[in-house]
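# Structural description and commentary
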Amino acid sequence: MERNFSVDRNSEIELRLLIEAIYLKYSYDFRDYSGASIKRRVDHALSQFECNTISALQEKVLHDPAAFMQLLQLLTIPVSEMFRDPSHFLAIRKEVVPLLRTYPSIKIWIAGCSTGEEVYSMAIVLREEGLLDRTIIYATDINPRSLEKARQGIFSMENVRAYTANYQQAGGQSSFADYYTAAYGYAIFDKTLRENVTFADHSLATDSVFSETQLISCRNVLIYFNKSLQGRAFGLFHESLCHRGFLVLGSKETPDFSAFGDQFEPLVKQERIYRKS
Ligand SMILES: C[S@@+](CC[C@H](N)C(=O)[O-])C[C@H]1O[C@@H](n2cnc3c(N)ncnc32)[C@H](O)[C@@H]1O
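Since we're looking at a predicted model, the values are computed, not measured.

How each quantity is defined
- Residues numbered from 1 in each chain as written.
- Predicted model: local features only at pLDDT ≥ 70, side-chain atom pairs only at ≥ 80, totals over all residues.
- Heavy atoms only, no water.
- Salt bridge = Lys/Arg side-chain N within 4 Å of Asp/Glu carboxyl O.
- Helix = DSSP H or I, 4+ residues; strand = E, 2+ residues; numbered from the N terminus.
- Buried < 20%, exposed > 50% of the residue type's maximum accessible area, 1.4 Å probe, protein only.
- UniProt positions renumbered as here; feature names shortened; annotations may be inferred.
- Pairing = 2+ DSSP bridges.
- Axes fitted to C-alpha atoms, helices over the stretch in contact; angles between N-to-C directions.
- Contact = heavy atoms within 4.5 Å.

What follows concerns the pattern of salt bridges. Under the defined criterion, the tally for this structure stands at twelve salt bridges. Asp43 is the salt-bridge partner of Lys39, the closest N and O atoms lying 3.2 Å from each other. Here Asp43 and Lys39 lie together in helix H2 (residues 35-48), a separation of four residues that amounts to about one turn. Taking the relative accessible area as the measure of exposure, Asp43 reaches 37% and is therefore partly exposed. Each of Arg93, Arg101, Glu128 and Glu129 takes part in one network of salt bridges that share partners.

Turning our eyes to something else, we now look at the UniProt feature "domain: CheR-type methyltransferase" (unreviewed entry) in the protein. Feature annotation in UniProt assigns "domain: CheR-type methyltransferase" (unreviewed entry) to the following positions: residues 11-254. Helix makes up 47% of residues 11-254 and strand 18%, with an end-to-end C-alpha separation of 31 Å.

Moving on: the sheet that holds strand E6 (residues 197-201). Here seven strands make up an open sheet; going across it, the order is E6-E2-E1-E7-E8-E10-E9 and the pairing mixed. Each end of this open sheet is capped by a strand with a single partner; those strands are E6 and strand E9 (264-268). When strand polarity is set aside, the average angle formed by the axes of neighbouring strands in this sheet is 25°. Packing against the sheet, helix H5 (residues 86-100) makes contact with strand E1 (106-111), strand E7 (213-218), strand E8 (241-249), E9 and strand E10 (273-276), and its axis sits at approximately 170° to E8. Contacts from helix H6 (residues 117-128) reach E1, strand E2 (135-141), E6 and E7, with the element oriented near 155° to E1.

Okay, here's the thing in structure tokens:
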């Protein structure tokens, strides 16, 4: 019993040291991520890297940038889907688009865009609603590999088949196949969808606001942050959004219990669509 306690305490210390080392060496700041989630990711990394202790993993990533890049893939959870939660995208189309239409030009920030599925989904909705030409999308993430994949816009055909059903449930007005060319098991998405998209490195943990925006989509990112970092992110969103701008979140995320709870009011609560108060 006593022994287990000291093993747990040791790994807690090692975990903090690893996170600190990553911050000092590579400037990626995971210090305010949710403890349980980061611990799960690091446990997984231990087996992937065949390390017995977190200290051994730290030694490896500190001296080998390529190993760090590999660890970053595990820490950032680059999992996404097109038209993820179709009812959310249907609500964007029905409830948000008519209001967005009133702006002469539109800036959208997709924070934590991962490998780009959310960006292409948003671009398709805007194209079908006739708004894409007057929209600039900033798609940001901390993972350079994910951003590169997002820039390429090539997704496996197997996944695209599932995305087709999502697209239809999300109120898609065309045939999903109109948006890509299939080749060798991959779907190469129409590059005109990303003509007005800027993909860029940006961290919600360390960077500041870069533009005024009418809509911010930050989905399935804040769940990995602790309350204090969530508060920082809501602060950035509040600063970036124009008067009555829109904030859209993932299905398990809400500003309600943050210091910004009364700064955002629900437009479609069930779909986590908010407006700056
Ligand atoms: C689970 S994915 C969500 C992808 C997409 N938004 C979606 O809902 O399908 C989480 C993304 O958040 C990104 N991320 C993690 N920490 C971040 C930070 N501090 N700033 C910006 N993005 C971050 C990760 O790199 C990852 O791509």
